[in-house]
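So the chains spell out like this:
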Amino acid sequence: AGLVLHYTETRHSPWIGFAVIFLLAAVARTISARYLSLLDDSASPATPEEGFDLGKLLGHAQGANFLRFLCFTGLMHACVLIAGPFFVIYLLRDLHFTYVQYGMWLAAGVLGQVLTLPFWGTYCDRHGTKSVMVLTGFLVPVLPMLYIFSTSLYALVAINFFGGMVWAGLALGLQNYVFDAVRPEDRAKGVAVCSTVNALGWFLGAMIGSWLATVAPSTLTLGELNLVLASNLPVVFFVSGVLRLVVSVSFLGKFGEIRAVNPMGLRQWLIELPLLKFLREPRPGRTLGRIPSRS
């Protein structure tokens, strides 16, 4: 997409580039829908339970864990969306990235996810989804803070690549925890409730981020240090990171692991860490974990 837009922009017809990539996206989605319609789910009949009862969903043994988890995921998504909508504005408007450079930045995040998802899946199987959320929940806050320190293309591409690696684990952990915390017959309802809470978080975060973008300063003064930024958006990113850290500190200790998993020491934790393991092994030794929806 970046190459198409760059090519058409050099010929003063960027609208043609947008038309082309939107058309290609529509075709790809149509093909995807076609393959989805061919899937046979007759082996998974509908459960006899009808209707939706939130009290019943939260009333089983893991209901308290699930409720605290919902608070964590909803607030984390709110903090993420404080910064999320403004990265494209910052890169294209303030740093004057070309479409190719922006495409490189965006693709780096996707590549980070693709390379580490199999290892995160193995990690979830062996050590539980809670351990994945703890690990990534304290790395995710750092990601937007890094944008305040550099405007270099290669530095920002590296940051987003690392961000893709971290978000692959957190998104997988968030999804898998729903499957673990609710009864099998309630999983569709659990996913629906979790998606609703996350959507409310997205709305709240986007509104707060929009307000911050109008009032945040573009210069920071710390004693004799005066830091002049490309715009005030890195300050919004930094605030998003601080709030993510507050959410992780406040809620990650409030709910526990559901499944029985293998305990591990610090040495084994470092050996199994997917952020490093994918550099040492071309393929994981176990099966791929559940792939998360994009967050």
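This write-up is about the structure you can find in this document.

**Here we look at the overall build of the protein**
Looking only at helices and strands, one finds 13 helices and two strands in the protein. Here the protein holds 295 residues, and 40% of them are scored as buried. Surface exposure of the protein reaches about 16,100 Å², of which carbon and sulfur atoms provide 67%.

**Section: the packing of aromatic side chains**
For the coordinates displayed, the defined rule picks out 14 aromatic pairs. For the pair Phe-72 and Phe-255, a centre-to-centre distance of 5.9 Å together with 50° between the ring planes defines the contact as tilted. Of this pair, Phe-72 sits in helix α4 (residues 63-83) while Phe-255 sits in the loop between α11 (233-251) and α12 (266-272); the two residues are 183 residues apart in sequence, bridging distant segments of the chain. With respect to burial, Phe-72 and Phe-255 carry one shared label: buried. For the pair Tyr-90 and Phe-237, a centre-to-centre distance of 5.6 Å together with 85° between the ring planes defines the contact as edge-to-face. Linking Tyr-90 in helix α5 (residues 87-94) with Phe-237 in helix α11, this pair joins segments that are 147 residues apart in sequence. Residue Phe-237 is classed as buried on the basis of its relative accessible area of 0%. Grouped by ring-pair contacts, the aromatic residues Phe-87, Tyr-90, Tyr-102, Trp-105, Tyr-147 and Phe-237 constitute a single cluster. Positioned above the aromatic ring of Phe-255 is the side chain of Lys-130, whose terminal nitrogen or guanidinium carbon lies 4.9 Å from the ring centre.

**Considerations on the packing of α4 against helix α10 (residues 187-215)**
Closest axis-to-axis distance for the α4/α10 pair is 6 Å, and the angle between their directions is 35°. Relative to α10, α4 is oriented so that their crossing is right-handed. Residues belonging to the contact of α4 with α10 are distributed by class as follows: 14 nonpolar, eight polar and no charged.

**Digging into a nonpolar patch on the surface**
On the surface, Phe-203, Leu-204, Met-207, Ile-208, Trp-211 and Val-215 cluster together into a nonpolar patch covering about 630 Å² of accessible area. Within the element layout of this structure, Val-215 appears in helix α10.

**What about α5?**
In an α-helix, one turn spans 3.6 residues, which is why side chains three or four residues apart end up on the same side. All of the buried residues along α5 are Phe-87, Tyr-90, Leu-91 and Asp-94. Angularly, the buried residues of α5 cover 115° about the axis, an arc narrow enough to put them on a single face. Close packing links the buried residues of α5 with α4, α6 (99-127), α8 (142-145), α9 (153-181) and α11.

**A short note on the pairing of strand β2 (residues 225-228)**
As defined by bridge partners, strand β1 (residues 219-222) adjoins β2 across four bridges and the pair is classed as antiparallel. Following the sheet pairing, Thr-221 is matched in β2 by Asn-226. Between the antiparallel neighbours β1 and β2 lie two residues, among them Gly-223 with a positive phi of about 65°.

**Quick notes on the packing of α5 against α11**
The relative placement of two packed helices comes down to the angle between their axes together with the axis-to-axis distance. Between α5 and α11, the shortest axis-to-axis distance is 10 Å and the interhelical angle comes to 155°. As summarised for this structure, α5 and α11 are arranged roughly antiparallel, according to the angle between their axes. The handedness of the crossing between α5 and α11 is left-handed. Residues Phe-87, Ile-89, Tyr-90, Arg-93 and Asp-94 of α5 form the contact with α11, whose own contacting residues are Leu-233, Pro-234 and Phe-237. Class assignment for the residues of the contact of α5 with α11 results in six nonpolar, no polar and two charged.

**Remarks on the pattern of salt bridges**
Once the charged atoms of two side chains with opposite charge are near each other, the side chains can pair. This model, assessed by the stated rule, comprises three salt bridges. A salt bridge links Asp-94 to Arg-93; the nearest nitrogen and oxygen atoms lie 2.7 Å apart. Judged by its relative accessible area of 15%, Asp-94 is buried. As a salt-bridge pair, Asp-186 and Lys-189 come within 3.9 Å of each other at their nearest N and O atoms. Residues joined by salt bridges that share partners form a network here, namely Arg-183, Asp-186 and Lys-189.

**Notes on the nonpolar core**
Counting 24 residues, the largest nonpolar core has Tyr-90, Leu-91, Trp-105, Tyr-147, Leu-156 and Phe-237 as its most contacted members. Put simply, the parts of the chain that give this core at least two residues each are α4, α5, α6, α9 and α11. Setting aside anything within four residues of it in sequence, one finds Tyr-90 in contact with Leu-95, Tyr-147, Thr-151, Ala-230, Ser-231, Leu-233, Pro-234 and Phe-237. Counting residues in each nonpolar core, the second largest holds 23 residues, with Leu-70, Cys-79, Val-166 and Val-182 among its members.

**Side note on the environment of Leu-95**
Mapped onto the fold, Leu-95 is located in the loop between α5 and α6. Spatially, the C-alpha atom of Leu-95 lies 8.9 Å from that of Ser-231, the residues being 136 residues apart in sequence. Filtering out sequence-adjacent residues up to four positions away, Leu-95 remains in contact with Tyr-90, Thr-151, Leu-156 and Ala-230.

Cut-offs used in this document
- Numbers given to residues run from 1 along each chain, matching the order in which its sequence is written.
- Residue-level local features of this predicted model are given only where pLDDT is at least 70; pairs of side-chain atoms are given and counted only at 80 or more, and the full residue set underlies all totals for whole chains, interfaces and linings.
- No hydrogens and no water enter the side-chain calculation; it runs on all heavy atoms of the structure.
- Going along the chain from the N terminus, every DSSP run of H or I of four or more residues is numbered as a helix, and every run of E of two or more is numbered as a strand.
- The classification of residues rests on relative accessible area computed with a 1.4 Å probe and restricted to protein chains. Under 20% of the type maximum is buried, over 50% is exposed, and intermediate values are partly exposed.
- Note on areas: these come from Shrake-Rupley sampling with a 1.4 Å probe, and a residue is covered only by the protein chains present in the view.
- Pairing of aromatic side chains here covers Phe, Tyr and the six-membered ring of Trp, requires ring centres within 6.5 Å, and sorts the geometry by plane angle: under 30 degrees stacked, over 60 edge-to-face, intermediate tilted.
- Geometrically, a charge over a ring is one whose NZ (Lys) or CZ (Arg) sits within 6 Å of the ring centre while staying within 35 degrees of the ring normal.
- Inter-axis angles, ranging from 0 to 180 degrees, are taken between N-to-C directions of lines fitted to C-alpha atoms, where helices are fitted over the stretch in contact.
- By convention the crossing between two helices is left-handed if the near helix lies anticlockwise of the far one by an angle smaller than a right angle, and right-handed if it lies clockwise.
- Asp, Glu, Lys and Arg are counted as charged, while Ala, Val, Leu, Ile, Met, Phe, Trp, Tyr, Cys and Pro are counted as nonpolar; the rest, among them Gly, fall into the polar class.
- Distance thresholds for patches are 9 Å for like charges and 5 Å for nonpolar side chains (Val, Leu, Ile, Met, Phe, Trp, Tyr), applied to residues having over 30% relative accessible area and no salt bridge.
- Only one rule defines a salt bridge in this text: a Lys or Arg side-chain nitrogen within 4 Å of an Asp or Glu carboxyl oxygen.
- Regarding the arc, it is the one traced by the directions from the helix axis to the C-beta atoms.
- When checking whether two residues touch, look at their non-hydrogen atoms; a contact exists if any pair is within 4.5 Å.
- What makes two strands pair is DSSP finding at least two bridges between them.
- Oblique is the label for every angle not falling under 35 degrees (roughly parallel), over 145 degrees (roughly antiparallel), or within 65 to 115 degrees (roughly perpendicular).
- Buried Ala, Val, Leu, Ile, Met, Phe, Trp, Tyr and Cys residues form a nonpolar core when they are joined through side-chain atoms within 4.5 Å.

In short, shape yes, function no, at least from these values alone.
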